[in-house]
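Remarks on the overall topology
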Amino acid sequence: LVLIQVRGIETTEGRGGEWLVCPTVRAALADLDVVLKRAIVATDAQLREMALQLIRRGGKRLRPALLLVAAQRATPEDPRLLQAAAAVELLHNATLYHDDVMDRAPSRRGAASVNVLWGNELATLAGTYLFGRACALLSELGDVPNQCFSQASVDLCTGQLLEMENAFNLSLTEDEHLGILIRKTATLFVLPCRLGSYLGGLSPIDDAALVDYGRHLGLAFQLADDALDLAGEASQMGKATGTDLREGVYSLPVLRVLCQETPAGKELNALLRQACLSSEDMQRALDLIRRSEAVAETLTLARAHAEQAQESLDGLPHGSARQSLMRLAEFAITRAE
Amino acid sequence: MDLLDSLSCDSLNSPSHVQSEMNLEVIVVGAGPAGSSTAYHLAQRGRGVLLLDQQSFPRDKACGDGLTPSAVSLLAEMGVLEKLGEAQKIRGLRVFMRGKGSRDFEYPVCRDQPDYGLVVPRKKLDHALCQRAVAAGADMWERTRVTDLLWTDGAVTGVRIVRRGRQRELHAPVVVAADGASSRLARQAGLVETSPGAQGYAIRGYYTGLEGLTDMTEIYMPLMDPSDRYLLPSYGWVFPAGPGCANVGVGLFHRSGGITIRDLFEQFLEALREQDLRFRDMRLRGTWQGAPLRFDFAPERCMAPGMLIAGDAAGLVSPFTGEGISYALESGKLAAEAIDRNLRPGMEETPDLSDYGILMEQQYTGYFEAGRRSARRYLLVWHLLDSTFHNERPLYSWCRRAVLFPEGVGEAFPSAVLDDVSPLIGRRGLRVREDLLAVGEILLDTVRRDWPFLARLSASRRGDPGIPFRPALLLLLAGYSGDPRQPHLISAAAAVELGYLAVLAHMSVEGSSDGGHGSDKGQANWGNMAAVMLGDFLLSKAHELSLRAGCTASKMIAEALTRACEGQVRELLSAHNLEQTEAERLDIIALKTASLFELPCRLGAYLSSVCSAHVAALATYGHQLGIAFQLADDALELAGQKSQLGPLVRTDSKAGIYGLPVLWALRRGKASARHVRALLCRDKLTKEELQTLSRLVRETGAVDATFEIAREYARRAQGALEAVPAGAARSALSRLTEYVVSRKVPDSPDLMEAFMQ
């Protein structure tokens, strides 16, 4: 099922690097690639090539950066921090490999996806390999980081299973839907916050604040993406939403229209109940959603989460770390403007 | 006293049994399969039981009349089977998936169950069942309507009945509600989740004049609405019921807008008549009959103080096939056993029957819970079945069986392919059985909370599984060889097993997106989605579980899995490579298979030992054992025997993955090598060509040579054990080195033990 969060962030990251205003973190990030490459220890050259494929293509290393920033007071050169940051990036990459197999995605980060280049079986194995390497890296950091990591991967997976289990569920409630997003999307924002805060030796209060921050940030990113997909240029509009409609995965704007007792709500229900969705039906469904208030409402909700993320930071000391986090939350919702 | 006089007057065949009010211990309401089974098993145990039903028997009942093998074995146990006379025997189930053709699922041959089912009209079956209960000593009142439960201090203490136009009260320490899907008593006790309006419904008729029926029951899923646009939460069935006759019907999981069950049935019959020659001249015999269906079983809703609920009344109907009779018989038996355990004779207060709920949960959890969710989300289940209907990869065949044969799954996956090696383990000094059971419990518990359906992954609860040759066994034995009191052995073993299940799930991912079966491009591949997600989930749970044994344990597991991944990658990359050397193949095996054998041995030793030489020795043992196992597997496959661990180690010449014997034959097979090469160069091998291939390879002596190499690795494994302290665990490990090559387990464990220990 399409991991919308990933798509949105990946494609807009290029412009998003400006949120990071900690020079030390920027400098530390430069060493991350060395750690990542060292983690891929396979003796088989081809497996190394596959496993490093997406890492080589770049991306702004949003999650490792978040981890280093969340650690605040620690020196970002701390090898433990970089190791944790690398593990998070590997886990994130592992999910991309597997998502692309599941979604039959043709491309990723501006080139053919790993599944297109090597086939589903090898892409799946490469993803699993990355997951294994992430576990191995993390397990060297002690019990607490290991537990955070394990909790996060269980959450990610149960979120996806819940999403699949609820495919074609036209009466999925908003709470259930947001619960799935928290596990499936926000987890990969919460994890770097938790690891950073633990390794940075933050107080339990600051730790809780950062976990809140990560969750709201993740939701803001995801909800903004879902809204933006339906608000863009007509030619691109609803591309992701359309694919998801076919596969029974409904984003918040869709669910909002579905539960309305309006003519539009009833029509959308009738359309989506069909066993097969024709392209005309799909277009009609997208029109119904786009013309409703639901897209604007979703963006409003995204904004609210971004603000809550910022408010979570109230108790943290002022400085370039906090400023970066504030800007990142802002960035989550202003990408369209 | 009026009660005493009238008590036995309806009791069939046994006018001499007079049930006095004094020893009336259990009132069973409803004399269908669940009620009669409860009454029979209670009466067998000498309990005073009164069976009530509002109708008089024999009576007709809307049902598919299908009895699964497990229902047949429960009937045999009750001595009812021989009373049924001539009945249509059933070899298995044929499923027609809309637009995908059909698939046969034959009932498996297994130790504790017959390999056939039956179709018996309910009129005959239910009559035989309640007669049997009465013969065993139960009293039965027919034409007795139960109107209300009677409560005392929050517990059920009896029922109010109407009989011969008169109302009266009956009291007993326990009431069993077996009053069917629309159970009045369960509703009165507040134990029904589904509102009457949302209940499912089924309808059937007996049809004659049919030609060409087989000994398979047939299920058609899913059905469409008349406009052909909406999938309905429904299925149709055709169950052969004697020469030229069938019980035909449809079931609707829940009321769905715009269509009645009668319209749906009409439409189904019309489709059969038009599209299937066998049904061209079918005629209805008798009339249609309908009955409600409920799928809302939940362990916490199958009992109240003083009351148990069994059968359809507890919502025990398969939401995938509509089957309910075996669950009714079984839950009746469980209810009787729970009552017999907890109700002391002469006891007047309400007994504590909570173990019934626990047993029901153990027996049915996963299947019904998932079913209940899936009944609402039938589309997903059908998409998955549909996407993978003709896919033979292990996950999907398991999934199909899990959906269609809940009671038989454990037999099919994965323990059925594992040998019972208990004679090799010995009985003295090792608590392997208990610990393996504990591992099973952890596995179940770990997956159940998040994804109940997976609970069915664990081995069957029916019958004795023996001591299967599996990773947990190696881990435990390695652990026993050190300090066996190590508390984390069991969770580590469970973590390793979960990890391997994950590998297995991921192996079901298909190479091409269209699945090779012509499903449209651009359509979701639900099979791949499920395989990847399930594998990831199991992997994450394995990691979580491994943390109980500490960071080092989880690192060991992660590293072994990445090595196995690397081995699989190299194997896939070397597919169809005829130039691959034997050494390269051995390298792949060392990664792909040996890592998975090495891990449990290393981990078990690490957890229970302080001596690093001991750990290293057992790691070497596992590594060599794994290579020996894989080589023997390659050789056995060519010798025409079925491979044991199946997909985890199977080599597949069709997919271009060649085992050592094939590579050996290619290099040293002299004249045959050319033939072998020519065959392997073909695009697709037919079954005959594969057989020729096997024969050619065998003739070169490659199989014998491979066995010899396997034996060499087994000897190395044996040698590694010298550094391990002597004892029962080491003896067992030592015997396994012979087993992995021969795959033979001696029949006589005691003799074996006498000689070996």
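Residues numbered from 1 in each chain as written. Chains lettered and ligands numbered in written order. Predicted model: local features only at pLDDT ≥ 70, side-chain atom pairs only at ≥ 80, totals over all residues. Heavy atoms only, no water.

Comments concerning the overall build of chain B
If you tally the helices and strands in chain B, you get 26 helices and 21 strands. Out of the 757 residues in chain B, the part that is buried amounts to 63%. When the accessible surface of chain B is split by element, carbon and sulfur atoms take 49% of a total near 29000 Å². (Helix = DSSP H or I, 4+ residues; strand = E, 2+ residues; numbered from the N terminus. Buried < 20%, exposed > 50% of the residue type's maximum accessible area, 1.4 Å probe, protein only. Areas by Shrake-Rupley, 256 points an atom, 1.4 Å probe, with all protein chains shown as cover.)

Side note on the environment of B:His543
Counting through the fold element by element, B:His543 comes out in helix α17 (residues 526-546). A sequence separation of 14 residues divides B:His543 from B:Ile557, and the C-alpha atoms of the two residues are 7.9 Å apart. Residues in contact with B:His543, not counting those within four places in the same chain, are A:Cys135, A:Asn146, A:Phe149, A:Ser150 and B:Ser554. (Contact = heavy atoms within 4.5 Å.)

What to know about the sheet that holds strand β2 (residues 49-52) of chain B
Residue and element names in this part refer to chain B. Across the sheet, 6 strands lie side by side as β8-β2-β1-β12-β21-β20; this open sheet has mixed pairing. The open sheet is flanked by β8 (139-141) and β20 (303-304), the only strands paired with a single partner. Here helix α2 (residues 33-44) sits on the sheet in contact with β1 (26-29), β2 and β12 (174-177), set at roughly 165° to β2. (Pairing = 2+ DSSP bridges. Axes fitted to C-alpha atoms, helices over the stretch in contact; angles between N-to-C directions.)

Observations concerning the sheet that holds strand β3 (residues 66-67) of chain B
Residue and element names in this part refer to chain B. Read from one edge to the other, the open sheet built from 3 strands follows the order β3-β7-β4, with strand pairing classed as antiparallel. Where the open sheet ends on each side, the last strands, each with one partner, are β3 and β4 (88-90). Both β4 and strand β7 (residues 117-119) contribute to a ladder of 3 bridges, which runs antiparallel. Residue pairing in the sheet places isoleucine 90 in a bridge with glycine 117 of β7.

Things to note about the packing of helix α21 (residues 660-668) of chain B against helix α22 (residues 671-680) of chain B
Residue and element names in this part refer to chain B. Viewed as axis vectors pointing N to C, α21 and α22 meet at an angle of 125°, and their least axial separation amounts to 7 Å. The orientation of α21 relative to α22 falls into the category oblique. Between α21 and α22 lies a crossing whose hand is left-handed. The residues of α22 that touch α21, namely those facing Val662, Ala665 and Leu666, are Ala673, Val676, Arg677 and Leu680. Tallied by class, residues from the contact of α21 with α22 come to 6 nonpolar, no polar and 1 charged. (Parallel < 35°, antiparallel > 145°, perpendicular 65-115°, else oblique. Left-handed = near helix turned anticlockwise from the far one by under 90°. Nonpolar A, V, L, I, M, F, W, Y, C, P; charged D, E, K, R; others polar.)

Here's the deal with the environment of B:Asp179
Residue and element names in this part refer to chain B. Tracing the backbone shows aspartate 179 in the loop between β12 and α5 (184-188). For the pair aspartate 179 and alanine 314, spaced 135 residues apart in the sequence, the C-alpha separation amounts to 9.4 Å. Contact partners of aspartate 179, with chain neighbours within four places excluded, come to Val29, Arg184, Leu185 and Ala313. There is a polar contact of 3.2 Å between the side chain of aspartate 179 and the backbone nitrogen of arginine 184. (Polar contact = N/O pair within 3.5 Å; in protein donor to acceptor, adjacent residues only side chain to side chain.)

Observations regarding the pattern of salt bridges
Tallied over the entire structure, the rule returns 47 salt bridges over all chains. A:Asp44 is paired through a salt bridge with B:Arg570; the nearest N and O atoms lie 3.8 Å apart. You can see A:Asp44 sitting in the loop between α3 (32-39) and α4 (45-56) and its partner B:Arg570 sitting in helix α18 (residues 551-573), one on each of two chains. Looking at A:Asp44, the relative accessible area reads 14%, which means it is buried. Notably, a salt bridge pairs B:Arg98 with B:Asp228, separated by 3.2 Å at the nearest N-O pair. Taken as a pair, B:Arg98 in the loop between β5 (92-97) and β6 (101-106) and B:Asp228 in the loop between β15 (223-224) and β16 (231-232) lie far apart in primary sequence, 130 residues in all. One salt-bridge network, in which partners are shared between bridges, spans B:Glu25, B:Arg45, B:Arg47, B:Glu337 and B:Asp340. (Salt bridge = Lys/Arg side-chain N within 4 Å of Asp/Glu carboxyl O.)

Some remarks on the nonpolar core
Within the largest apolar cluster, 234 residues are counted, with the highest numbers of intra-cluster contacts made by A:Tyr213, A:Leu245, B:Phe469, B:Leu477, B:Leu603 and B:Tyr621. Filtering out sequence-adjacent residues up to four positions away, B:Tyr621 remains in contact with B:Cys601, B:Ala717, B:Ala720, B:Leu721, B:Leu733, B:Leu736 and B:Thr737. In this structure, B:Ala34, B:Met78, B:Leu149 and B:Val156 belong to the second largest nonpolar core, which totals 81 residues. (Core = buried A, V, L, I, M, F, W, Y, C linked by side-chain atoms within 4.5 Å.)

Remarks on the interface of chain B and chain A
Listed by partner, the interface residues are 49 residues for chain B and 48 residues for chain A. Roughly 4900 Å² of surface becomes buried between chain B and chain A when both sides are summed, with 68% attributable to carbon and sulfur atoms. In this assembly, chain B and chain A are joined by 2 salt bridges. Between chain B and chain A we count 9 residue pairs in polar contact (both at pLDDT 80 or more) in total. Among the secondary structure elements, those contributing two or more residues to the side of chain B that touches chain A are α10 (378-387), α17 and α18 of chain B. (Buried area = accessible area lost by both parts, 1.4 Å probe.)

Focus: the pairing of β12(B)
All names here are of chain B. With burial as the criterion, each face of β12 is covered, one bearing Val174 and Val176 and the other bearing Val175 and Ala177. Pairing of β1 with β12 involves 4 bridges; the strand directions are parallel. Paired with valine 26 across the bridge in β12 is valine 174. Looking at chain direction, β12 and strand β21 (residues 307-309) are connected through 3 bridges and run parallel. Across the sheet, residue valine 176 finds its bridge partner in β21, namely leucine 308.

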